[in-house]
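# Chain and residue survey
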Amino acid sequence: MPRQRKTISRQDLLDRFAAINVWRRGDVRAPHKPLLLLFALARLSRGEGREVRYSDVHGKLGGLLTEFGPVRKSVHPEYPFWRLQHDGLWVVRDAEQMASRKGKDDPKPSELKRVNPAAGLTADVDAKLRSDPTLLAEVVGLILEAHFPSNLHEDILTELGMQLDQVVSRRRPRDPAFRERVLRAYERRCAVCGFDVRLGNLTLALEAAHIKWHQAGGPDIEPNGLALCSLHHKLLDRGAFTLSAEKRVLVSQDVCGSDGLDEVLLRWHGREIRRPQSAEFEAGLEFVRWHEEQVFKTPAREF
Ligand SMILES: [Zn+2]
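Everything quoted here is computed from the prediction, not taken from an experiment. (Residues numbered from 1 in each chain as written. Predicted model: local features only at pLDDT ≥ 70, side-chain atom pairs only at ≥ 80, totals over all residues.)

## Here's the deal with the overall build of the protein chain
Summing up its helical and strand segments, the protein chain has 12 helices and nine strands in all. Seen along its three principal axes, the alpha-carbon backbone of the protein chain occupies a region of about 75 × 40 × 35 Å. In the protein chain, which comprises 303 residues, the proportion classed as buried is 34%. In the protein chain, of all internal contacts separated by at least 6 residues, the share reaching a separation of at least 24 is 70%. (Helix = DSSP H or I, 4+ residues; strand = E, 2+ residues; numbered from the N terminus. Buried ≥ 20, exposed ≤ 12 C-beta atoms within 10 Å, placed from the backbone. Contact = placed C-beta atoms within 7 Å.)

Right, dumping it as structure tokens:
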């Protein structure tokens, strides 16, 4: 008798990815599970095997966490490698062979390094995604949309060796008035550089940035918005700069580059951003603090 393989429906699979339990302590970003899933999905898209050894995940995932996660003293690629098992999407082979930490259900990083177990997406999820490239593209889009602002999607995919056209984007409807209200509050100029190119009545390359990401629950209100040219919007979302409590531009020490950098960013370091036309629209301190702690690549340069 042929072995029966468990199958999963398209909707069940999408629901499982949508429901991953992302650990949030207050407002702390934890992109570990989403990044591990994207790493596994990128392998799958290249036709690589279902399982991968911990040693092959550790360095790459650590790099992704450093690049796209909040700045921390140390990154922990071992957390999602183990804990994603609770979300019905991931299995660690021979998991029972590893001694768990006292009072916790996961093993020490040293134990993972010693045993170097193989792990991968569950067999039902893996088989379903391999048989349906459209579904795979949809799942990648779903994870990106749920955890990262769209400005970062292409950078993350590039790091993973995937392309944007391999992804189906399903943007959730946003408050359509947010962009308009924020651009009006800043009189249709970039709050950092003053960029205000228009073509007829159309404002070009000027965007309404969320200071606290929409994905982290940042509201669609003026104090959480900044009118920024597309370049400064991207640099804000990547954490290249943030704002001080006095609304001065603070540039990260991590930023480096040649002549162009001075022109687009360093010359604004320490300067106050343009004020919105009404004090009630000014950037809210709670949102600015969130950005500094969760997105900005600390430390800031000195004045
Ligand atoms: Zn600008």
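Next, the rest of the story.
## A closer look at the nonpolar core
Leu-35, Leu-36, Leu-38 and Phe-39 are the most contacted members of the largest nonpolar core, which has 36 residues in total. If you look at the next biggest cluster of nonpolar residues, it comprises 29 residues, including Val-192, Cys-193, Leu-206 and Ala-283. (Core = buried A, V, L, I, M, F, W, Y, C linked by C-beta atoms within 7 Å.)

## As for the packing of helix H2 (residues 32-45) against helix H3 (residues 54-68)
In contact at an axis separation of 10 Å, H2 and H3 are set at 125° when each is read in the N-to-C sense. Between H2 and H3, the angle falls in the class oblique. Helix-helix and strand crossings are classified by hand; for H2 and H3 the assignment is right-handed. Taken together, the residues of H3 that come into contact with H2 (itself represented by His-32, Leu-35, Leu-36 and Phe-39) are Val-57, Lys-60, Leu-61, Leu-64, Leu-65 and Phe-68. Its residues assigned to classes, the contact of H2 with H3 shows eight nonpolar, one polar and one charged. (Axes fitted to C-alpha atoms, helices over the stretch in contact; angles between N-to-C directions. Parallel < 35°, antiparallel > 145°, perpendicular 65-115°, else oblique. Left-handed = near helix turned anticlockwise from the far one by under 90°. Nonpolar A, V, L, I, M, F, W, Y, C, P; charged D, E, K, R; others polar.)

## A word on the domain arrangement of the protein chain
Here the protein chain is partitioned into domain 1 (10-166) and domain 2 (177-294). Using only C-alpha atoms to locate each centre, domain 1 and domain 2 end up separated by 31 Å. Taken residue by residue, the interface counts 10 residues in domain 1 and 11 residues in domain 2. Mapped by element, the contributors of at least two residues to the side of domain 1 that touches domain 2 are helix H7 (133-147) and helix H8 (150-160). Across the side of domain 1 that touches domain 2, the residue classes break down as six nonpolar, two polar and two charged. (Domains from an automatic or database assignment.)

## Some points on the sheet that holds strand S3 (residues 118-121)
Pairing is antiparallel in the open sheet, where three strands are placed in the order S1-S3-S2. Looking at the sheet topology across the chains shown, the edges are occupied by strand S1 (51-53) and strand S2 (90-92). Between one strand axis and the next, the sheet turns by 25° as a mean value, whatever way the strands run. Bridge count between S2 and S3: three bridges; the pairing is antiparallel. From the neighbouring strand, Trp-90 faces S3, where its bridge partner is Leu-121. (Pairing = 2+ DSSP bridges.)

## What to know about the pairing of strand S6 (residues 206-210)
Walk down a regular strand and you will see the side chains alternate between the two sheet faces. When you tally the buried positions in S6, you get five out of five residues, the bulk of the element. Here S6 shows a buried face lined by Leu-206, Ala-208 and His-210 and a second buried face lined by Glu-207 and Ala-209. Of the pairings in the sheet, the one linking S6 to strand S7 (residues 225-229) comprises five bridges and is antiparallel in character. Counterpart to Leu-206 in the pairing with S7 is Cys-229.

## Here we look at the environment of Pro-133
Within the fold, Pro-133 resides in helix H7. With 33 residues separating them along the chain, Pro-133 and Gln-166 place their C-alpha atoms 8.8 Å apart.

## A closer look at unusual backbone geometry
Backbone geometry follows two general trends: most residues other than glycine have a negative phi, and most peptide bonds adopt the trans configuration. Between Thr-298 and Pro-299 the backbone carries a cis peptide bond, its omega angle lying at 0°. Tracing the sequence through the fold places Pro-299 in the segment after helix H12 (285-294). One non-glycine residue with positive phi stands out, namely Ala-205, at about 50°. Of note, Ala-205 is situated in the loop between strand S5 (202-203) and S6. Owing to 13 C-beta atoms within 10 Å, Ala-205 belongs among the partly exposed residues under this scheme. A positive phi angle, close to 65°, is found at Lys-247, a residue other than glycine. Tracing the sequence through the fold places Lys-247 in the loop between strand S8 (241-243) and strand S9 (249-251). With 17 C-beta atoms counted inside 10 Å, the residue Lys-247 sits in the partly exposed group.

## Section: the pairing of S7
The buried count for S7 comes to five of five residues, which makes it a mostly enclosed element. Of the two faces of S7, the one carrying Gly-225, Ala-227 and Cys-229 and the one carrying Leu-226 and Leu-228 are both buried.

## Remarks on the packing of H2 against H7
Closest axis-to-axis distance for the H2/H7 pair is 10 Å, and the angle between their directions is 160°. By the angle class used here, H2 and H7 are roughly antiparallel. Helix-helix and strand crossings are classified by hand; for H2 and H7 the assignment is left-handed. Across the interface between the two elements, Pro-34, Leu-37, Leu-38, Leu-41, Leu-44 and Ser-45 of H2 pack against Leu-136, Val-139, Val-140, Ile-143 and His-147 of H7. Taken together, the residues that form the contact of H2 with H7 break down as nine nonpolar, two polar and no charged.

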